[in-house]
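Structure assessment
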Amino acid sequence: MVTRQGNETLLEREETVLKPPPMYKVILLNDDFTPMDFVIFILQEYFHKDTQMATRIMLKVHHEGKGVCGIFPRDIASTKVKQVIRHARQEGHPLQCTMEEA
Ligand code: TYC
């Protein structure tokens with residue numbers, strides 16, 4: 001960006017002008033079939049939650065229909081969604097995972 005003060009022209013460094021990258025919430029959705037223990041395992045394995053926090057998030061999803069697992073840049077969020085769905089399907093569970101801009 002260029003600003004003028006009297007006769008002087010100031011050029012700001014580019015990083016101070018660029019917006020931070022958009023961030024995305026990774027969201028787990030409830031269903032009637034995926035075992036609670038598997039959802040807790042997913043939250044520990046892919047989102048680095050301890051047992052207490054993983055259990056808390058799983059129960060929130062179970063009771064309220066959805067819950068946030070974490071907030072990441074777009075590529076990382078997208079990779080996590082794919083990894084979670086692939087792992088769930090490998091185990092025969094219908095667990096759904098999605099992302100939305102934070
Ligand atoms: N509702 C599931 C059950 O009763 C548990 C569950 C929790 C499933 C969270 C999915 O994202 C989920 N076994």
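A brief report on the enclosed structure follows.

Definitions and limits used
- Residue positions are given per chain, counted from 1 along the sequence in the order it is written.
- Local features in a predicted model are, by the rule used here, given only for residues with pLDDT of at least 70; side-chain atom pairs are given and counted only at 80 or more, and totals for whole chains, interfaces and linings are based on all residues.
- The basis for every side-chain value is the complete set of heavy atoms in the structure, and neither hydrogens nor water enter the calculation.
- Consider each residue's heavy atoms; a residue with any of them within 4 Å of a molecule or strand counts as near.
- In protein, a polar contact means a hydrogen-donor-capable atom and an acceptor-capable atom, both N or O and within 3.5 Å, with residues adjacent in sequence counting only if both atoms are side-chain atoms; elsewhere, any N or O pair within 3.5 Å suffices.
- Under the convention used here, a 1.4 Å probe and the Shrake-Rupley method define accessible areas, while residue burial counts only the protein chains that appear.
- Only runs of H or I of at least four residues qualify as helices and only runs of E of at least two qualify as strands under DSSP, and these elements are numbered from the N terminus.
- Each residue gets one of three labels from its accessible area relative to the maximum for its type: buried under 20%, exposed over 50%, partly exposed in between, using a 1.4 Å probe on protein chains only.
- The criterion used for residue contact is that any of the two residues' heavy atoms lie within 4.5 Å.
- A pair of sulfur atoms, both from cysteines and within 2.5 Å, is called a disulfide here.
- Axis angles are defined between N-to-C directions and span 0 to 180 degrees, where every axis is a line fitted to C-alpha atoms and, for a helix, only to the segment in contact.
- Roughly parallel means an angle under 35 degrees; roughly antiparallel means over 145; roughly perpendicular covers 65 to 115; every other angle is labelled oblique.
- Two helices cross in a left-handed way if the nearer one is turned anticlockwise from the farther one by less than a right angle. They cross in a right-handed way if the turn is clockwise.
- Lys, Arg, Asp and Glu make up the charged group, whereas Ala, Val, Leu, Ile, Met, Phe, Trp, Tyr, Cys and Pro make up the nonpolar group; the residues left over, Gly among them, are polar.
- What we call a nonpolar core is a set of buried Ala, Val, Leu, Ile, Met, Phe, Trp, Tyr and Cys residues that are connected through their side-chain atoms within 4.5 Å.

Quick word on the site of the ligand
Around the ligand, a shell composed of Leu-29, Asn-30, Asp-31, Thr-34, Met-36, Val-39, Met-58, Val-61, His-62 and Leu-95 is seen. At 2.8 Å, a backbone N or O of Leu-29 approaches an oxygen atom of the ligand. Side-chain polar atom of His-62 to a nitrogen atom of the ligand: 2.9 Å apart, as the coordinates give it. When isolated, the ligand has an accessible area of 350 Å², and the protein chains bury 89% of it. Within the residue set of the shell around the ligand, elements represented by two or more residues are helix 1 (36-47) and helix 2 (51-64).

Details of the environment of Leu-43
Assignment of secondary structure puts Leu-43 in helix 1. On the accessibility criterion, Leu-43 (0% relative accessible area) is buried. C-alpha of Leu-43 to C-alpha of Ala-54: the two residues are eleven residues apart in sequence and 5.5 Å apart in space. With near-sequence residues (within four places) excluded, Leu-43 lies in contact with Leu-28, His-48, Lys-49, Ala-54, Ile-57, Met-58 and Cys-69.

Observations regarding the state of the cysteines
Going through the model one piece at a time under the given rule, you end up with zero disulfides. Looking at Cys-69, it has no disulfide partner, and the nearest cysteine sulfur is the one in Cys-97, 5.4 Å off. Judged by its relative accessible area of 2%, Cys-69 is buried. Relative accessible area serves as the criterion here: at 4%, Cys-97 is assigned to the buried category.

Topic: the packing of helix 1 against helix 2
Describing two packed helices takes the angle between their axes plus the distance from one axis to the other. Contact geometry of helix 1 with helix 2 gives a least axis separation of 9 Å together with a crossing angle of 125°. Overall, the two elements helix 1 and helix 2 adopt an arrangement that is oblique. The two elements helix 1 and helix 2 cross, and the hand of that crossing is right-handed. Mapping the contact onto sequence places Met-36, Val-39, Ile-40, Leu-43 and Gln-44 in helix 1 and Thr-51, Ala-54, Thr-55, Ile-57, Met-58 and His-62 in helix 2. Across the contact of helix 1 with helix 2, the residue classes break down as seven nonpolar, four polar and no charged.

A closer look at the nonpolar core
Counting residues in hydrophobic clusters, the biggest one holds 22 residues, and the most contacted among them are Val-26, Leu-28, Ile-42, Leu-43, Phe-47, Val-84 and Leu-95. Elements represented by at least two residues in this core include exactly strand 3 (23-29), helix 1, helix 2, strand 4 (66-73) and helix 3 (74-90). Here this core takes seven residues from helix 1, the largest share from any one element. Not counting residues within four places of it along the chain, the set of residues in contact with Val-84 comprises Leu-28, Ile-42, Tyr-46, Phe-47, Leu-95 and Cys-97.

Observations concerning the side chain of Thr-34
With respect to the helices and strands, the residue Thr-34 is situated in the loop between strand 3 and helix 1. Separated by 3.2 Å, the side chain of Thr-34 and the backbone nitrogen of Leu-95 make a polar contact.

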